[in-house]
Every structure is written in C-alpha cells, then in structure tokens.
Amino acid sequence: MNDSFSLFDDAPALEPIPMVDADVRFMHGFYRTPQSQALMQALLAETPWRQESIVLWEKEYLQPRLSAWYGDAGSVYAYSGKRFHPLPWTDTLLAIKHDVEAATSQRFNSVLLNLYRDENDGVGWHSDAEQELGRLPVIASLSLGETRTFRLRHRTRKDITPVSIELTDGSLLLMAGETQRKWQHTITKERMPREARINLTFRTILVPA
Ligand SMILES: O=C(O)CCC(=O)C(=O)O
Ligand SMILES: [Fe+2]
C-alpha cells in the first residue's frame, strides 16, 4: 500500500529524536496525500467509534476522544479496571499494519484507534506501561488528519527539558526501549479550532501462555 520504500524515491526514514532514557523515532510523510486522506476517510467510515469511560477515585468520566480496539483474538487489554476484547482486523487496518511493520522491522498484534474530533479532545499525561505490553513496550503511532502536538516529559527528572513533536498528517512515531518506563506523554487540548485527527497506536500484547 505504501510505495515510499522504492530505492529510487527520496524515501523519508524514521529519525531518532535525541532524548535521555528514551528511544523515540519520527518521520513525516510515512503516508502522503492523497493516500493519508483516503485512509482517514476509510477509518472514519468503517470504525465503530465509542466514547469509553475511565474511573478515577471512584468517579466515572467520559474520555475526551472516541476510540476502538482491534487485534488478534487473544490480545485482551486491561485498562482502567476494564478488559477490552479486540475487534477483528479489517482490510484497511491489515494493510496499514503491514506497512508499519515493514518500516519499523517490528511485529504488532493489536492497534488502538483514537479519534480526536476537535480541539476539545485530547489524552492526558500517561505512559503505556501496562503489564501486558511487556517490560519494554514498542509502540508505533500513525497520525492522520489534523496536526496535533505530542508532548513528552521525564517521569522523575525535572532537569530534563520536555519534548514537543508536531504529529502531522501521515507521520509515524516509534516509541521503544525505556520510553514508557521513564517518560509520560500527552496530546493537549487546544484553544483554536481544530479539525478531526485519527491516531493509531500499534502495540504488542503479551498473551499469557
Ligand atoms: O494520539 C496520540 O498521538 C497519542 C495516543 C496515546 O498516547 C495512546 O493512545 O496511548
Ligand atoms: Fe499513549
């Protein structure tokens, strides 16, 4: 699906972002228009988007975004006291997974889709350090649609400057190594009007033997 790997193309590559205690790589234009727009439209139409809730201090809150969870049948994900069973892969998602696996030399068995409908949607500071992601999670994050700012901050070292990355349409971000153990990340809400953005985070859920 992605034709950007030809030797004769000026193929962009995942470039390391210099960070302490983290392995973060990033590239613009992993998918380019019009392909990125076609994927966005397909995912907007095909996905059974849900607004999930989280429980904090015994109070239930709706998440400020819509989401959907897909993966291999065994890749059950526990999050905020709930267990999510994945939807079966679609052709669209399998094609994207194939491209992302080729670009990252990694294999993934699940993907979390997030839809940020406008500037009022976001995701708070967190790390993806759930037990079923293993000790050193590898997460590949594809962005489609509106650009949003991805911020990272070190969990314990206040002397380390936070990092901001503009996640443009069609960009690909890889987080590996100690990134989830040592850093947190967020997509902040914005003041100015924003169009919709879809983010796909490919993950590997370790299935208990
Ligand atoms: O939307 C993004 O770029 C980040 C999403 C995220 O951090 C997550 O789903 O865990
Ligand atoms: Fe995350």
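The preceding data block contains the structure.
Everything numeric in this text was worked out from a predicted model, so none of it was measured.

Surrounding ligand 1, one finds L112, N114, V123, D128, S141, F150, L167, H185, I187, N199 and T201. Secondary structure elements with two or more residues in the shell around ligand 1: β8 (110–116), β14 (183–187) and β15 (197–203). Partitioning the shell around ligand 1 into residue classes produces 5 nonpolar, 5 polar and 1 charged.

This next bit is on the sheet that holds strand β12 (residues 163–167). A sheet is described by the order of its strands in space; here 4 strands give the open sequence β9-β14-β11-β12, paired in antiparallel fashion. The strands lining the two open edges of the sheet, one partner per strand, are β9 (123–126) and β12. Neighbouring strand axes in the sheet, compared pairwise and without regard to direction, differ in orientation by 15 degrees on average. As paired elements, strand β11 (residues 148–154) and β12 share 5 bridges and run antiparallel to each other. Directly across from L152, in β12, lies its bridge partner V163.

So, about the environment of G71. With respect to the helices, strands and loops of the structure, G71 is situated in strand β5 (residues 66–71). C-beta crowding within 10 Å serves as the criterion here: with 25 such atoms nearby, G71 is assigned to the buried category. Between the C-alpha atoms of G71 and F108, which are 37 residues apart in sequence, the distance is 8.7 Å. Residues contacting G71, with those up to four places away along its chain left out, are P86, N109, S110, V111 and I205.

Definitions and limits used
- Residues numbered from 1 in each chain as written.
- Chains lettered and ligands numbered in written order.
- Predicted model: local features only at pLDDT ≥ 70, side-chain atom pairs only at ≥ 80, totals over all residues.
- Near = placed C-beta within 6 Å.
- Helix = DSSP H or I, 4+ residues; strand = E, 2+ residues; numbered from the N terminus.
- Nonpolar A, V, L, I, M, F, W, Y, C, P; charged D, E, K, R; others polar.
- Pairing = 2+ DSSP bridges.
- Axes fitted to C-alpha atoms, helices over the stretch in contact; angles between N-to-C directions.
- Buried ≥ 20, exposed ≤ 12 C-beta atoms within 10 Å, placed from the backbone.
- Contact = placed C-beta atoms within 7 Å.

Purely geometric numbers; function is a separate question.
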